[in-house]
Amino acid sequence: SYMLEACRYQTMDVILGTCIGIGMNKILRRGTIKFDTVIIDEAAKANLAESIVPLNLGERFVLVGDDRQLPPYSDPELIDAYIKRITLKGKEILNRNDVLKAVTTSLFQKVHESEDFPPECITMLNYQHRMHPDIGELISKVFYEGKVNMGKNTPMQQISLSTPL
């Protein structure tokens, strides 16, 4: 049964899943299946540990994200509870700030900020097609030094309100 399932995965062109969900899959977590390319979307929101899970499955990687948007989320209360549980002879062996930094830092951010990472491997997607230009241009100026351009159909992005504000 495992062999049949593994063969089925090997014949697929695309497999979708969350970072952790992929790691929970009984076939994929064995590590015997490798993919040509692993793409992590919203990579700036995934902490280092989450990103490592799918990266184990690929030969090449594409991280897509925006480190100027939401960072990885962590619950400080859960971190405190974890640190209290992990002790050695009654002494805390983990520093709270180190743990907090680890779970709130993304691989995307590390790569983007690294001086060792080749700059030619980083590309800014500089066109947006969802927002009306009045909004999109403001966001471009405030957050992206005016580098984000508006797609040609963005003026048509409007919402009709039935009642005045």
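Bear in mind that the values here come from a model prediction, so they are computed numbers and not experimental data.

Here the structure, examined in full by the defined rule, presents one aromatic pair. Across the ring face of Tyr9, the terminal group of Arg8 is positioned such that the distance to the ring centre comes to 5.7 Å. Of note, Arg30 hangs over the ring of Tyr2, and the distance from its end group to the ring centre comes to 3.8 Å.

As a packed pair, helix α4 (residues 76–85) and helix α5 (residues 96–103) sit with axes 10 Å apart at the nearest point and diverge in direction by 130°. Of the possible angle classes, the one that applies to α4 and α5 is oblique. Like other packed secondary-structure pairs, α4 and α5 cross with a definite hand, here right-handed. Touching Pro76, Ile79, Asp80 and Ile83 of α4 are Arg96, Val99, Leu100 and Val103, all from α5.

A few words now on the confidence of the model for the chain. Scored by pLDDT, the chain has a mean of 88; 97% of the residues are at 70 or more. Within the chain, the lowest mean pLDDT, 71, falls on strand β3 (residues 87–88), and the highest, 96, falls on strand β6 (residues 149–150).

Right, let's get into the nonpolar core. Considering soluble globular proteins, one finds that nonpolar side chains tend to be buried as a cluster. Counting eight residues, the largest nonpolar core consists of Ala6, Tyr9, Ile22, Ile27, Leu28, Ile33, Phe35 and Leu57. In contact with Phe35, not counting residues within four places along its chain, are Tyr9, Ile15, Leu28, Leu57, Gly58 and Glu59. Counting seven residues, the second-largest nonpolar core is a separate cluster that includes Cys19, Val38, Ala43 and Leu55.

Further remarks concern the pairing of strand β2 (residues 58–63). The two faces of the sheet receive side chains in turn, since in a regular strand these alternate between them. Taken together, the five bridges between strand β1 (residues 35–40) and β2 define a ladder with parallel strand orientation. Its bridge partner being in β2, Thr37 is matched across the sheet by Arg60. Note that the unit made of β1, helix α3 (residues 48–55) and β2 has a crossover that is right-handed.

Within the secondary structure, Asp80 sits in helix α4. Remark: the alpha-carbon pair of Asp80 and Arg96, spanning 16 residues in sequence, is separated by 7.2 Å.

A few words now on the pattern of salt bridges. Under the counting rule described, the total for this entry stands at three salt bridges. Linking Arg96 and Asp80 is a salt bridge whose minimum nitrogen-to-oxygen distance equals 2.5 Å. With Arg96 in helix α5 and Asp80 in helix α4, this pair connects stretches of sequence that are 16 residues apart. Its relative accessible area of 34% is what places Arg96 among the partly exposed residues. A residue is classified by how much of its surface remains accessible, and Asp80, at 26% relative accessible area, is partly exposed.

Glancing now at the side chain of Gln128. Note that Gln128 resides in strand β5 (residues 127–128). Contacts of Gln128, omitting those with residues within four sequence positions, involve Gly136, Val148, Asn149, Met150, Gly151 and Thr154.

The next point concerns a nonpolar patch on the surface. Judged by side-chain polarity, Leu138, Val142 and Phe143 come together as a nonpolar surface patch covering roughly 310 Å² of accessible area. In this structure, Val142 sits in helix α7 (residues 133–144). Overall, the relative accessible area of 55% leaves Val142 in the exposed class.

This brings us to the environment of Pro72. Summarising the element assignment, Pro72 is placed in the loop between β2 and α4. A residue is classified by how much of its surface remains accessible, and Pro72, at 5% relative accessible area, is buried. Each residue touching Pro72, except ones within four places of it in the same chain, is listed here: Ala44, Lys45, Ala46, Asn47, Val103, Thr104, Thr105 and Ser106.

Definitions and limits used
Residues numbered from 1 in each chain as written. Predicted model: local features only at pLDDT ≥ 70, side-chain atom pairs only at ≥ 80, totals over all residues. Heavy atoms only, no water. Phe/Tyr/Trp six-rings, centres within 6.5 Å; stacked < 30°, edge-to-face > 60°. Lys NZ or Arg CZ within 6 Å of the ring centre and 35° of its normal. Axes fitted to C-alpha atoms, helices over the stretch in contact; angles between N-to-C directions. Helix = DSSP H or I, 4+ residues; strand = E, 2+ residues; numbered from the N terminus. Parallel < 35°, antiparallel > 145°, perpendicular 65-115°, else oblique. Left-handed = near helix turned anticlockwise from the far one by under 90°. Contact = heavy atoms within 4.5 Å. pLDDT = per-residue confidence, 0-100. Core = buried A, V, L, I, M, F, W, Y, C linked by side-chain atoms within 4.5 Å. Buried < 20%, exposed > 50% of the residue type's maximum accessible area, 1.4 Å probe, protein only. Pairing = 2+ DSSP bridges. Right-handed = clockwise from strand over helix to strand, strands pointing away. Salt bridge = Lys/Arg side-chain N within 4 Å of Asp/Glu carboxyl O. Patch = residues over 30% accessible without salt bridge, like charges linked within 9 Å, V, L, I, M, F, W, Y side chains within 5 Å. Areas by Shrake-Rupley, 256 points an atom, 1.4 Å probe, with all protein chains shown as cover.

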